[in-house]
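Residue-level listing of the chains:
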Amino acid sequence: MAIIIQPDPPENVRGGFFCSVIDPHSNRWALLAGPFDTHQEAKDNLYKVQKITCDTWPEAHWLAFGTCRVKAPPYPPARLKTLGLWRD
(Lines give C-alpha, C1' and ligand atoms only; values in the text may rest on other atoms or scores of the structure.)
Protein backbone atom coordinates (compact mmCIF):
# COMPACT_ATOMS: atom_id res chain seq x y z
CA MET A 1 0.00 0.00 0.00
CA ALA A 2 1.34 3.43 -0.90
CA ILE A 3 1.43 6.28 1.55
CA ILE A 4 0.00 9.48 0.10
CA ILE A 5 0.42 12.70 2.04
CA GLN A 6 -2.32 15.24 1.44
CA PRO A 7 -3.60 18.39 3.12
CA ASP A 8 -6.42 18.16 5.64
CA PRO A 9 -9.61 16.83 4.05
CA PRO A 10 -12.68 19.06 3.72
CA GLU A 11 -14.86 19.15 6.83
CA ASN A 12 -17.73 17.37 5.06
CA VAL A 13 -15.65 14.18 4.56
CA ARG A 14 -16.77 11.58 7.10
CA GLY A 15 -15.51 8.20 8.26
CA GLY A 16 -12.37 6.13 8.07
CA PHE A 17 -9.93 8.41 9.93
CA PHE A 18 -7.13 6.82 11.96
CA CYS A 19 -4.24 7.86 14.17
CA SER A 20 -1.20 6.43 12.44
CA VAL A 21 2.55 6.11 12.72
CA ILE A 22 5.36 5.90 10.15
CA ASP A 23 8.94 4.82 10.72
CA PRO A 24 10.77 7.24 8.40
CA HIS A 25 13.84 5.00 8.28
CA SER A 26 12.14 1.83 7.07
CA ASN A 27 8.86 3.18 5.61
CA ARG A 28 6.96 0.80 7.89
CA TRP A 29 3.64 2.18 9.08
CA ALA A 30 0.66 1.21 11.24
CA LEU A 31 -2.87 2.33 11.94
CA LEU A 32 -2.87 2.75 15.72
CA ALA A 33 -6.40 3.87 16.66
CA GLY A 34 -9.68 4.34 14.85
CA PRO A 35 -11.65 4.45 12.70
CA PHE A 36 -12.95 7.84 13.76
CA ASP A 37 -15.90 9.56 12.12
CA THR A 38 -14.12 12.90 11.60
CA HIS A 39 -10.58 14.07 10.99
CA GLN A 40 -10.83 16.37 14.02
CA GLU A 41 -11.68 13.39 16.25
CA ALA A 42 -8.56 11.57 15.03
CA LYS A 43 -6.42 14.69 15.64
CA ASP A 44 -7.94 15.12 19.12
CA ASN A 45 -6.83 11.57 20.05
CA LEU A 46 -3.35 11.79 18.56
CA TYR A 47 -1.48 12.82 21.73
CA LYS A 48 -3.16 10.05 23.75
CA VAL A 49 -2.24 7.50 21.06
CA GLN A 50 1.35 8.74 20.95
CA LYS A 51 1.63 8.55 24.74
CA ILE A 52 0.25 4.99 24.92
CA THR A 53 2.58 3.90 22.13
CA CYS A 54 5.69 5.50 23.65
CA ASP A 55 4.85 4.20 27.14
CA THR A 56 4.55 0.69 25.68
CA TRP A 57 7.54 0.90 23.35
CA PRO A 58 9.97 3.71 24.38
CA GLU A 59 11.80 3.67 21.02
CA ALA A 60 8.57 4.89 19.39
CA HIS A 61 9.43 8.50 20.22
CA TRP A 62 11.61 8.43 17.06
CA LEU A 63 8.60 7.67 14.86
CA ALA A 64 6.34 10.11 12.98
CA PHE A 65 2.79 10.20 14.36
CA GLY A 66 -0.12 11.65 12.41
CA THR A 67 -3.54 10.95 10.96
CA CYS A 68 -4.69 9.24 7.81
CA ARG A 69 -7.87 8.08 6.14
CA VAL A 70 -8.90 4.76 4.66
CA LYS A 71 -11.44 5.72 2.01
CA ALA A 72 -13.91 2.83 2.21
CA PRO A 73 -14.85 -0.04 4.50
CA PRO A 74 -13.99 -2.67 5.47
CA TYR A 75 -11.56 -0.82 7.70
CA PRO A 76 -8.47 -2.67 8.89
CA PRO A 77 -8.11 -3.29 12.63
CA ALA A 78 -6.27 -0.59 14.55
CA ARG A 79 -3.10 -1.90 16.20
CA LEU A 80 -3.64 -0.54 19.75
CA LYS A 81 -7.15 -2.00 19.87
CA THR A 82 -5.85 -5.37 18.63
CA LEU A 83 -3.31 -5.32 21.46
CA GLY A 84 -5.96 -4.36 24.04
CA LEU A 85 -4.42 -0.93 24.68
CA TRP A 86 -7.27 1.18 23.21
CA ARG A 87 -10.99 1.35 23.89
CA ASP A 88 -13.50 3.22 21.74
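Placed above this text is the structure.
### Overview of the overall build of the chain
So, point 1. Scanning the chain from terminus to terminus reveals 2 helices and 3 strands.
So, point 2. Moving toward the C terminus, one meets the helices and strands of the chain in the order β-β-α-β-α.
So, point 3. The globule rule puts the C-alpha radius of gyration for 88 residues at 12 Å, and the 12 Å found for the chain is close to it.
So, point 4. Counting every position in the chain, which comprises 88 residues, the buried fraction comes to 33%.
So, point 5. Look at the contacts in the chain between residues 6 or more apart in sequence, and 59% of them connect residues 24 or more apart.
So, point 6. Of the roughly 6300 Å² of accessible surface on the chain, a fraction of 56% belongs to carbon and sulfur atoms.
So, point 7. One finds the centroid of the 10 positive side-chain charges in the chain at a distance of 5 Å from the centroid of its 9 negative side-chain charges.

### As for the environment of arginine 14
So, point 1. Position of arginine 14 relative to the elements: it lies in the segment before strand E1 (17–23).
So, point 2. Here the alpha-carbon distance between arginine 14 and aspartate 37, two residues 23 residues apart in the chain, equals 5.5 Å.
So, point 3. Beyond its immediate chain neighbours, meaning those up to four positions away, arginine 14 contacts Asp37, Thr38 and Arg69.
So, point 4. A polar contact is formed between the side chain of arginine 14 and the side chain of aspartate 37, at a distance of 2.7 Å.

### Considerations on the pairing of E1
So, point 1. Burial analysis of E1 places 5 of its 7 residues in the buried class, the great majority of the element.
So, point 2. Summarising the sheet, E1 and strand E2 (residues 28–36) pair through 6 bridges and their orientation is antiparallel. For cysteine 19, the partnering residue across the bridge sits in E2 and is alanine 33.
So, point 3. Where E1 folds back onto E2 in an antiparallel hairpin, the turn is made up of 4 residues, including asparagine 27, whose phi is positive at roughly 65°.

### Re the environment of proline 10
So, point 1. Position of proline 10 relative to the elements: it lies in the segment before E1.
So, point 2. On the basis of relative accessible area, proline 10 is assigned to the exposed category, the value being 53%.

### A closer look at the packing of aromatic side chains
So, point 1. Counting across every chain of the model gives 2 aromatic pairs.
So, point 2. A ring pair is formed by phenylalanine 18 and tyrosine 75, whose centres lie 6.1 Å apart and whose planes are at 70°; its orientation type is edge-to-face. Residue phenylalanine 18 is located in strand E1, and its partner tyrosine 75 is located in the loop between strand E3 (64–69) and helix H2 (79–82); the two are separated by 57 residues in the primary sequence.
So, point 3. Residue classification places phenylalanine 18 among the buried positions, given a relative accessible area of 0%.
So, point 4. Ring plane angle 85° and centroid distance 6.4 Å describe the contact between phenylalanine 36 and tryptophan 86, whose orientation is recorded as edge-to-face. Of the two residues, phenylalanine 36 sits in strand E2 while tryptophan 86 sits in the segment after H2, which places them 50 residues apart along the sequence. Across the pair, tryptophan 86 and phenylalanine 36 agree in class, each one buried.
So, point 5. Here the basic side chain of lysine 48 rests over the ring of tryptophan 86, its NZ or CZ set 4.8 Å away from the ring centre.

What counts, and at which threshold
Residues numbered from 1 in each chain as written. Predicted model: local features only at pLDDT ≥ 70, side-chain atom pairs only at ≥ 80, totals over all residues. Heavy atoms only, no water. Helix = DSSP H or I, 4+ residues; strand = E, 2+ residues; numbered from the N terminus. Rg over C-alpha atoms; globule rule 2.2 N^0.38 Å. Buried < 20%, exposed > 50% of the residue type's maximum accessible area, 1.4 Å probe, protein only. Contact = heavy atoms within 4.5 Å. Areas by Shrake-Rupley, 256 points an atom, 1.4 Å probe, with all protein chains shown as cover. Lys, Arg positive; Asp, Glu negative; His and termini not counted. Charge placed at Lys NZ, Arg CZ, Asp CG, Glu CD. Polar contact = N/O pair within 3.5 Å; in protein donor to acceptor, adjacent residues only side chain to side chain. Pairing = 2+ DSSP bridges. Phe/Tyr/Trp six-rings, centres within 6.5 Å; stacked < 30°, edge-to-face > 60°. Lys NZ or Arg CZ within 6 Å of the ring centre and 35° of its normal.

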